[in-house]
Amino acid sequence: MTRIVVTGGAGRVGRTLVAGLAARGHDIVSLDRAVSDSPDLAEVEQIAVDLTDADAAASVLAASRADALIHLAAIAVPFSAPEDVIMRTNAGLAISVLGGAVAAGIGRIVAASSPTVIGYGAPRGWVPDRLPLDETSPAQPWNAYALSKLLIEQTIGMLQRQTGDDVRFAAFRPCYVIAPEEWAGAPTQQGHTVRDRLDDPALSAPAIFNYVDARDVADFADTLIAALPDIPSGETFFVGAADALARRPLAELVPQFHPGTEEVAAALTGTTPAFSSAKAERLLGWRPRHDWRTELGEPAASDLAFPASRS
Ligand SMILES: NC(=O)c1ccc[n+]([C@@H]2O[C@H](COP(=O)([O-])OP(=O)(O)OC[C@H]3O[C@@H](n4cnc5c(N)ncnc54)[C@H](O)[C@@H]3O)[C@@H](O)[C@H]2O)c1
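So, here's what we can say about the structure. Here the residue numbering is sequential within each chain, running from 1 through the sequence in written order. It should be noted that, the model being predicted, local features are given only for residues of pLDDT at least 70 and side-chain atom pairs only at 80 or more, the latter also being counted only at that level, while totals for whole chains, interfaces and linings use all residues. Calculated side-chain values reflect all of the structure's heavy atoms, with hydrogen atoms and water omitted.

Here we take up the overall build of the protein chain. A count of helical and extended segments in the protein chain gives 12 helices and 9 strands. The quantity called the radius of gyration is restricted to C-alpha atoms. Its globule counterpart is 2.2 Å times the number of residues to the power 0.38. Computed over C-alpha atoms, the radius of gyration of the protein chain comes to 19 Å, within 12% of the 19 Å expected from 2.2 N^0.38 for 311 residues, which places it in the range of a compact globule. Across its three principal directions, the C-alpha atoms of the protein chain cover 60 × 40 × 35 Å. Exposure categories follow from relative accessible area, calculated using a 1.4 Å probe and restricted to protein chains: below 20% of the type maximum is buried, above 50% is exposed, and the middle band is partly exposed. When each of the 311 residues of the protein chain is scored for burial, the buried share is 53%. Here, two residues are considered to be in contact whenever any of their heavy atoms come within 4.5 Å of each other. Sequence-distant contacts, at least 24 apart, represent 72% of the contacts inside the protein chain between residues at least 6 apart. When the accessible surface of the protein chain is totalled, it reaches about 12,900 Å², and 51% of it is carbon and sulfur. Counting from the N terminus, the helices are the DSSP runs of H or I reaching at least four residues and the strands are the DSSP runs of E reaching at least two. Per-residue and other accessible areas follow the Shrake-Rupley method at a 1.4 Å probe size, with only the shown protein chains counted as cover for residues.

Bringing the site of the ligand into the picture now. In this text, near means that some heavy atom of the residue lies within 4 Å of the molecule or strand in question. In the vicinity of the ligand lie 25 residues, with V13, D32, L72, Y145 and K149 positioned nearest. Between the ligand and the protein, one listed contact pairs an oxygen atom with a side-chain N or O atom of Y145 at 2.6 Å. Polar contact is defined as a pair of N or O atoms within 3.5 Å, subject to the rule that within protein one atom must be able to donate a hydrogen and the other to accept it, and that residues adjacent in sequence are counted only when both atoms are side-chain atoms. Backbone polar atom of V177 to an oxygen atom of the ligand: 2.8 Å apart, as the coordinates give it. In isolation the ligand offers 820 Å² of accessible surface; the protein chains occlude 89% of this area. Only α1 (12–23) and α4 (144–163) provide two or more residues apiece to the shell around the ligand. Its residues assigned to classes, the shell around the ligand comprises 15 nonpolar, 5 polar and 5 charged. Three categories are distinguished: nonpolar for Ala, Val, Leu, Ile, Met, Phe, Trp, Tyr, Cys and Pro, charged for Asp, Glu, Lys and Arg, and polar for the others, with Gly belonging to the last.

Turning next to the packing of aromatic side chains. Think of it this way: a Phe, Tyr or Trp ring, Trp meaning its six-membered ring, pairs with another when their centres are within 6.5 Å, and the plane angle makes it stacked under 30 degrees, edge-to-face over 60, tilted otherwise. Counting across every chain of the model gives 9 aromatic pairs. Summarising the aromatic geometry, the rings of F79 and W142 are spaced 5.7 Å apart at their centres and angled 45° between planes, so their arrangement reads as tilted. In this pair, F79 is assigned in the loop between β4 (68–71) and α3 (83–103) and W142 in the loop between β5 (108–112) and α4, connecting sequence segments 63 residues apart. Taken together, the ring pairs connect Y120, W126, F238 and F275 into an aromatic cluster. R173 extends its terminal NZ or CZ atom over the ring of F238, reaching a point 5.0 Å from the ring centre. Between the NZ or CZ atom of R197 and the centre of the ring of Y176, over which it lies, the distance is 3.5 Å. Any Lys NZ or Arg CZ found within 6 Å of a ring centre and within 35 degrees of that ring's normal is scored as a charge over the ring.

Of note, A205 is situated in the loop between α7 (201–204) and β8 (212–213). Here the alpha-carbon distance between A205 and D243, two residues 38 residues apart in the chain, equals 14 Å. The contacts of A205, once residues within four sequence positions are left out, are F257 and H258.

Glancing now at the pairing of strand β9 (residues 235–239). Most of β9 is tucked away: 4 of the 5 residues are buried. Paired strands are those between which DSSP finds at least two bridges. Strand direction decides the pairing type here: strand β6 (residues 168–174) and β9, joined by 5 bridges, are parallel. Paired with P174 across the bridge in β9 is V239.

Its location among the elements puts H26 in the loop between α1 and β2 (27–32). When its relative accessible area of 14% is taken as the criterion, H26 is described as buried. Here T2 takes part through its backbone nitrogen, which lies 3.2 Å from a polar atom of the side chain of H26.

Before going further, it helps to spend a moment on the packing of α3 against α4. Angles shown run from 0 to 180 degrees and are taken between the N-to-C directions of axes, each axis being a line fitted to C-alpha atoms and, for helices, limited to the stretch in contact. The N-to-C vectors of α3 and α4 enclose an angle of 20°; their axes lie 9 Å apart at closest approach. Comparing the axis directions of α3 and α4 gives the class roughly parallel. Considering how the two elements wind past one another, α3 and α4 form a crossing that is right-handed. Within the contact between the two elements, α3 uses E83, I86, M87, N90, A91, A94, I95, L98, G99 and V102 and α4 uses A144, Y145, L147, S148, L151, I152, T155, I156, M158, L159 and T163. Across the contact of α3 with α4, the residue classes tally to 15 nonpolar, 5 polar and 1 charged. We call two directions roughly parallel when the angle between them is under 35 degrees, roughly antiparallel when it is over 145, roughly perpendicular when it lies between 65 and 115, and oblique otherwise. The crossing is said to be left-handed when, going from far helix to near helix, the turn is anticlockwise and less than a right angle, and right-handed when the turn is clockwise.

To continue, consider the pairing of β4. Of the two faces of β4, the one carrying A68 and I70 and the one carrying L69 and H71 are both buried. Judged from the 4 bridges that link them, strand β1 (residues 3–7) and β4 form a sheet pairing that is parallel. Residue pairing across strands places V5 opposite L69, the latter belonging to β4.

Two side chains carrying opposite charge are able to pair once their charged atoms lie near each other. We define a salt bridge as a contact between a side-chain nitrogen of Lys or Arg and a carboxyl oxygen of Asp or Glu at a distance within 4 Å. Throughout the structure, instances matching the rule amount to 20 salt bridges. In this structure, R24 and D222 form a salt bridge, with 3.3 Å as the shortest nitrogen-oxygen distance. One end of the pair, R24, is in the loop between α1 and β2; the other, D222, is in helix α8 (residues 214–227), with 198 residues separating them in the sequence. Taking the relative accessible area as the measure of exposure, D222 reaches 18% and is therefore buried. One salt bridge in this structure joins E235 and K279, with 2.6 Å as the shortest N-O distance. Of the two residues, E235 is situated in strand β9 and K279 in helix α11 (residues 278–284); the sequence distance between them amounts to 44 residues. Through salt bridges with shared partners, a single network forms among R24, D219, D222 and R289.

Fair warning: the whole summary comes from geometry, so function is off the table for now.
What follows is the structure, given as structure tokens:
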């Protein structure tokens, strides 16, 4: 059993993550501005705190006597607040939470970044040098949210240079997270349902049809926390489903919505997603277990004579 502090534990991702880690026998403390009445957190210690207050963050982290920290608290949606507020909040949280965790002697520190650091959806166009994207693809943030997430990754690098190998760090970039109730029809982060997203590819196109089940994120976090002493410190991981959230191959769909990507998208045949989680499998042995067809009760791609490619 590991004692794990989760910041943002009352949030959309946090609730399933906290419940998943608690179910695996870990002792969880959720730090969030809000205390959640979700049944997911019924058995979990919750502390209400504004973590942008660095002194408050430092004292609650010091008192937590935790072995590990997972930092989720953030303004989590691009343009959901003015750009300066997103930058100030997420950057301030990175310093107060991650720095506070180091000062508190927490030995394993993980932070949520985002695939948006890659820069898709930029108003003046976006053409990657190759697809699928992986952790070596260049970061090209074009808004304050994405930039603040890159800054979180770089805050980890900064702290690593201060602490050396005494503290073990990692960042992860979860794809569009879908919680169990959202498969059942509850609205997703963007306000529409998963089925809306599949029926209208324009809804999923801005995020290049990426997604991941929240329970797989919990499983990833558990695996990562356990592995941190044994893998290189400071790694970043994409965490995505093994397929794309689309009914047609991305070799067709991506160029339709991202002009100029015809050539690079030709590699995305069948159900191949645009984001590779191969590094997580290679370093951690983690693989996603949930996929949209099973969750929505739709036929498996293999039963559909799904076209390998039309390019
Ligand atoms: N949901 C996704 O699809 C997705 C994808 C990629 C990355 N992420 C990242 O995962 C993390 C969680 O996302 P989410 O969708 O659960 O967001 P969310 O908005 O549902 O949850 C964020 C939580 O952080 C808390 N919080 C914000 N500011 C705080 C502060 N100053 N002090 C204490 N708590 C504070 C909020 O109260 C909220 O409960 C974020 O860092 C987000 O950027 C999410």
